[in-house]
Amino acid sequence: MSDTGTTRVVVCRVAGERFALPVAAVQEVVATPELARLPGAPEAVRGVANVRGSLVTVVSGPVLFG
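Conventions and cut-offs
Residues numbered from 1 in each chain as written. Predicted model: local features only at pLDDT ≥ 70, side-chain atom pairs only at ≥ 80, totals over all residues. Heavy atoms only, no water. Helix = DSSP H or I, 4+ residues; strand = E, 2+ residues; numbered from the N terminus. Rg over C-alpha atoms; globule rule 2.2 N^0.38 Å. Buried < 20%, exposed > 50% of the residue type's maximum accessible area, 1.4 Å probe, protein only. Contact = heavy atoms within 4.5 Å. Areas by Shrake-Rupley, 256 points an atom, 1.4 Å probe, with all protein chains shown as cover. Lys, Arg positive; Asp, Glu negative; His and termini not counted. Charge placed at Lys NZ, Arg CZ, Asp CG, Glu CD. 1 Å grid on protein atoms, 1.4 Å probe; cavity = no way out; pocket = protein on both sides within 12 Å on 5 of 7 lines; lining within 4 Å. Points joined across faces, edges and corners; volume = space filled by probe spheres on them. Nonpolar A, V, L, I, M, F, W, Y, C, P; charged D, E, K, R; others polar. Patch = residues over 30% accessible without salt bridge, like charges linked within 9 Å, V, L, I, M, F, W, Y side chains within 5 Å. Salt bridge = Lys/Arg side-chain N within 4 Å of Asp/Glu carboxyl O.

When helices and strands are counted, the protein chain shows 1 helix and 4 strands. A compact globule built from 66 residues should have a C-alpha radius of gyration of about 11 Å, whereas the protein chain, at 15 Å, is more than 25% larger. With the C-alpha coordinates of the protein chain rotated into their principal frame, the extents come out at 50 × 30 × 15 Å. Per-residue burial for the protein chain yields a buried fraction of 14% across its 66 residues. Counting only contacts in the protein chain whose residues sit at least 6 apart along the sequence, the fraction spanning at least 24 positions is 8%. Accessible surface for the protein chain amounts to roughly 5600 Å². Of this, 54% is attributable to carbon and sulfur atoms. Of the side chains in the protein chain, 6 bear a positive and 5 a negative charge, and the two mean positions are spaced by 4 Å.

As a further point, take the layout of surface pockets. Over the atoms rolls a probe the size of a water molecule, and in doing so it shows where empty space is left. Within this model, the largest pocket holds a volume of roughly 930 Å³. Every residue lining the largest pocket is counted, 25 residues in all, and those nearest its centre are E28, V29, V30, V58 and V59. Only strand 1 (9-14), strand 2 (17-22), strand 4 (54-59) and helix 1 (61-65) provide two or more residues apiece to the lining of the largest pocket. Here the residues of the lining of the largest pocket sort into 17 nonpolar, 5 polar and 3 charged.

This part covers a nonpolar patch on the surface. Residues F19, V59, L64 and F65 make up a contiguous nonpolar surface patch of roughly 380 Å² in combined accessible area. Within the fold, F19 resides in strand 2. A relative accessible area of 30% places F19 in the partly exposed class.

Geometry only, nothing functional implied.
Pasting the structure below:
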């Protein structure tokens, strides 16, 4: 692919708004995995997920961005 001065992005939707993230900032996109809830965690933290042996904290975009 030739460099035409454009930036490649991943577009996502959070709380009805669209956001574009540079591809370089995105490690991976996965389907929503099974979550383990964390008692006492802040409202925005939905839980943790095991993604190929690594624990990943899952947060709620709508709660974070209101």
